[in-house]
Amino acid sequence: MFIYFSFFLGKLMVVLRDGKKLVGTLRSYDQFANVVLQDTYERVYVGSEYGENLKGLYLIRGENVVLLGEIDELQEQQRLSKLTKLSWEEIGKREKEEKEKKEKEDQLKRRIMQGRGITIDIGFTSTDDQF
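Residues numbered from 1 in each chain as written. Predicted model: local features only at pLDDT ≥ 70, side-chain atom pairs only at ≥ 80, totals over all residues. Heavy atoms only, no water.

**A word on helix H3 (residues 88-115)**
- Taking 1.5 Å per residue, 28 residues should reach 40 Å; H3 reaches 41 Å between its end C-alpha atoms and fits that length.
- Buried within H3 we find Ile 91, Glu 103, Asp 106 and Arg 110.
- Tucked inside the fold, the buried residues of H3 contact strand S3 (35-46) and strand S4 (49-60).
- Positive backbone phi, at 90°, marks Gly 117, one or two positions downstream of H3. (Helix = DSSP H or I, 4+ residues; strand = E, 2+ residues; numbered from the N terminus. Expected span 1.5 Å × (residues − 1). Buried < 20%, exposed > 50% of the residue type's maximum accessible area, 1.4 Å probe, protein only. Contact = heavy atoms within 4.5 Å.)

So this is what it looks like as structure tokens:
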């Protein structure tokens, strides 16, 4: 019973199948891992920068939860103080640029490997590895 109430007093980070990271206060959950978060915001990290977008009350279907963990608020503040906070629009642009760069690198690696006779499954790309 103690663990149950300790989650309700602190912040949690939930990582979803599509890679989104949500931070909020746990308000409810059930046997299917469906989760309700209050005062939720989505957080995106790109290199040494991050951005946040307020979502409010958020219901997460359990099948989309990959990881759920409690956040130590003191450690979170220390870590975030070392990063640069950007607006949601700016971090979105940076994230898109980073994904495009990674996709180009992956394509180059696939071509090199194919040139050496190693076949890569066509259905697998860097954007598909989110489960």
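**Some thoughts on the side chain of Arg 43**
- The topology assignment puts Arg 43 in strand S3.
- On the accessibility criterion, Arg 43 (3% relative accessible area) is buried.
- At 3.1 Å, the side chain of Arg 43 forms a polar contact with the side chain of Tyr 41.
- Looking at Arg 43, its side chain comes within polar contact range of the side chain of Tyr 45, at 3.1 Å. (Polar contact = N/O pair within 3.5 Å; in protein donor to acceptor, adjacent residues only side chain to side chain.)

**Some words on the environment of Leu 83**
- Within the element layout of this structure, Leu 83 appears in the loop between helix H2 (73-81) and strand S6 (84-85).
- Exposure remark for Leu 83: the relative accessible area of 24% places this residue in the partly exposed category.
- Counting along the chain gives 33 residues from Leu 83 to Tyr 50, while the straight-line C-alpha distance between them is 6.8 Å.
- Excluding residues that lie within four positions of it along the chain, Leu 83 makes contacts with Tyr 45, Gly 47, Ser 48 and Tyr 50.

**Re the pairing of strand S2 (residues 21-29)**
- As paired strands, strand S1 (residues 11-16) and S2 are joined by 5 bridges and run antiparallel to one another. Directly across from Met 13, in S2, lies its bridge partner Val 23.
- Hairpin connection of S1 to S2: 4 residues between the antiparallel strands, including Gly 19 at a positive phi of 95°.
- Judged from the 7 bridges that link them, S2 and S3 form a sheet pairing that is antiparallel. (Pairing = 2+ DSSP bridges.)

**Things to note about the sheet that holds strand S5 (residues 65-71)**
- Spatial strand order, S5-S1-S2-S3-S4-S6: 6 strands in an open sheet with mixed pairing. Because the sheet does not close on itself, it has two edges, and the strands there are S5 and S6.
- The strands that H3 touches are S3 and S4; relative to S3, the one it contacts most, it runs at about 60°. (Axes fitted to C-alpha atoms, helices over the stretch in contact; angles between N-to-C directions.)

**Thoughts on the packing of aromatic side chains**
- If you walk through the whole model with that rule in mind, you get 1 aromatic pair.
- Ring centres of Tyr 45 and Tyr 50 lie 6.5 Å apart, and the angle between their planes is 35°; this geometry places the pair in the tilted category.
- On the basis of relative accessible area, Tyr 45 is assigned to the partly exposed category, the value being 35%.
- The buried category is assigned to Tyr 50, whose relative accessible area is 7%. (Phe/Tyr/Trp six-rings, centres within 6.5 Å; stacked < 30°, edge-to-face > 60°.)

**Quick look at the nonpolar core**
- Of all hydrophobic cores here, the largest spans 8 residues; its members are Leu 12, Val 14, Leu 16, Leu 22, Leu 26, Val 35, Leu 37 and Ile 60.
- Secondary structure elements with two or more residues in this core: S1, S2 and S3.
- In terms of residue count, the dominant contributor to this core is S1 (3 residues).
- Setting aside chain neighbours within four positions, we find Val 14 in contact with Lys 20, Lys 21, Leu 22, Leu 37, Ile 60, Val 65, Leu 67 and Leu 68. (Core = buried A, V, L, I, M, F, W, Y, C linked by side-chain atoms within 4.5 Å.)

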